[in-house]
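# Architecture and fold: a report
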Amino acid sequence: TMATLRYRYREQAETDEASVMPAFASDIDGTAQHTLRMTAKHVLGPMTYMTQLHGVLTPTSSDSGFAVAQGIGYRKGRLSLWASAAYFNTTDYAARLYLTDRSVTYGSSVAMVYGHGARANLMAQIAVTSAVTAAVRCGVLRYFDRDTISSGAQTVDGSMMTDVQVQLGIRV
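Since the model is a prediction, treat every value here as computed from it, not as a measurement.

### Things to note about a nonpolar patch on the surface
- A cluster of nonpolar side chains, contributed by Leu5, Tyr7, Tyr9, Leu36, Met38, Leu53, Phe66, Val68, Tyr87 and Phe144, occupies part of the molecular surface with about 930 Å² of accessible area.
- The set of elements that each furnish at least two residues to the nonpolar patch consists of β1 (2-14), β3 (30-44) and β5 (63-76).
- For the nonpolar patch, the leading source of residues is β1, giving three residues.
- Looking at the element boundaries, Tyr87 is found in strand β6 (residues 79-90).
- A relative accessible area of 33% means that Tyr87 is categorised as partly exposed.

Okay, structure coming up:
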């Protein structure tokens with residue numbers, strides 16, 4: 001069993017021109033943010049269990065939020081499977097959270113979320129031969145408090161967004 005705890009304090013000051021500059025224990029008005037992430041991971045034979053708790057508090061604007069994520073993995077021989085789900089609830093964009101999850105080799109799965117919703121992730125990887133591997137990952141993000149996701153050219157009309165990654169690796 002492995003457990004980690006990470007606490008981060010971040011402070012930003014705003015000048016009269018509303019540009020954001022770093023502040024070092026100054027009296028300039030701005031924002032302060034506390035973030036906390038706790039992770040527990042347990043390996044039992046071919047199974048891996050992981051739980052993550054995220055929290056954020058922005059006392060200068062009374063924004064806050066949390067996320068709870070649970071993952072389960074199975075690895076036997078050439079096959080590796082991973083499934084996870086996360087629930088999040090934040091008051092505002094100022095209390096946004098960054099949820100990370102398993103992804104294909106050299107890929108990343110980081111979702112910036114705020115509001116009220118859930119995220120699920122499924123991943124499978126198999127070593128076809130000693131030189132060829134295949135992997136697929138599917139992630140689904142669902143918001144319970146809105147009808148559109150994102151803005152501008154990336155607007156999604158609906159409260160659900162799916163992302164899929166497929167990878168074929170050949171070692172030479």
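Following the structure, the description resumes.
### Notes on unusual backbone geometry
- Notably, Tyr106 is not glycine yet its phi reads approximately 65°, a positive angle.
- With respect to the helices and strands, the residue Tyr106 is situated in the loop between β7 (97-100) and β8 (110-113).

### Quick notes on the packing of aromatic side chains
- Applying the stated criterion across every chain, the model contains three aromatic pairs.
- Aromatic side chains Phe88 and Tyr143 sit 5.6 Å apart centroid to centroid with 80° between the ring planes, which places their arrangement in the edge-to-face category. Placement of the pair is Phe88 in strand β6 and Tyr143 in strand β10 (residues 132-143), with a sequence separation of 55 residues. We note that Phe88, like Tyr143, is buried.

### A word on the pattern of salt bridges
- Under the criterion given, the structure shown has three salt bridges.
- The partner of Arg119 in a salt bridge is Asp163, and the shortest N-O contact between them spans 3.6 Å. Residue Arg119 is found in strand β9 (residues 116-127), and its partner Asp163 is found in strand β13 (residues 160-170); the two are separated by 44 residues along the sequence.
- When the shortest N-O distance is used, the salt bridge between Asp145 and Arg146 registers 3.4 Å.
- The class for Arg146 is buried, based on a relative accessible area of 18%.
- Salt bridges here are not isolated pairs; linked through shared partners, they connect Arg119, Arg137 and Asp163.

### Topic: the environment of Tyr9
- Counting through the fold element by element, Tyr9 comes out in strand β1.
- Judged by its relative accessible area of 42%, Tyr9 is partly exposed.
- If we ignore the near neighbours within four places in the chain, the residues touching Tyr9 are Ala32, Gln33 and His34.

Rules and cut-offs
Residues numbered from 1 in each chain as written. Predicted model: local features only at pLDDT ≥ 70, side-chain atom pairs only at ≥ 80, totals over all residues. Heavy atoms only, no water. Patch = residues over 30% accessible without salt bridge, like charges linked within 9 Å, V, L, I, M, F, W, Y side chains within 5 Å. Areas by Shrake-Rupley, 256 points an atom, 1.4 Å probe, with all protein chains shown as cover. Salt bridge = Lys/Arg side-chain N within 4 Å of Asp/Glu carboxyl O. Helix = DSSP H or I, 4+ residues; strand = E, 2+ residues; numbered from the N terminus. Buried < 20%, exposed > 50% of the residue type's maximum accessible area, 1.4 Å probe, protein only. Phe/Tyr/Trp six-rings, centres within 6.5 Å; stacked < 30°, edge-to-face > 60°. Contact = heavy atoms within 4.5 Å.

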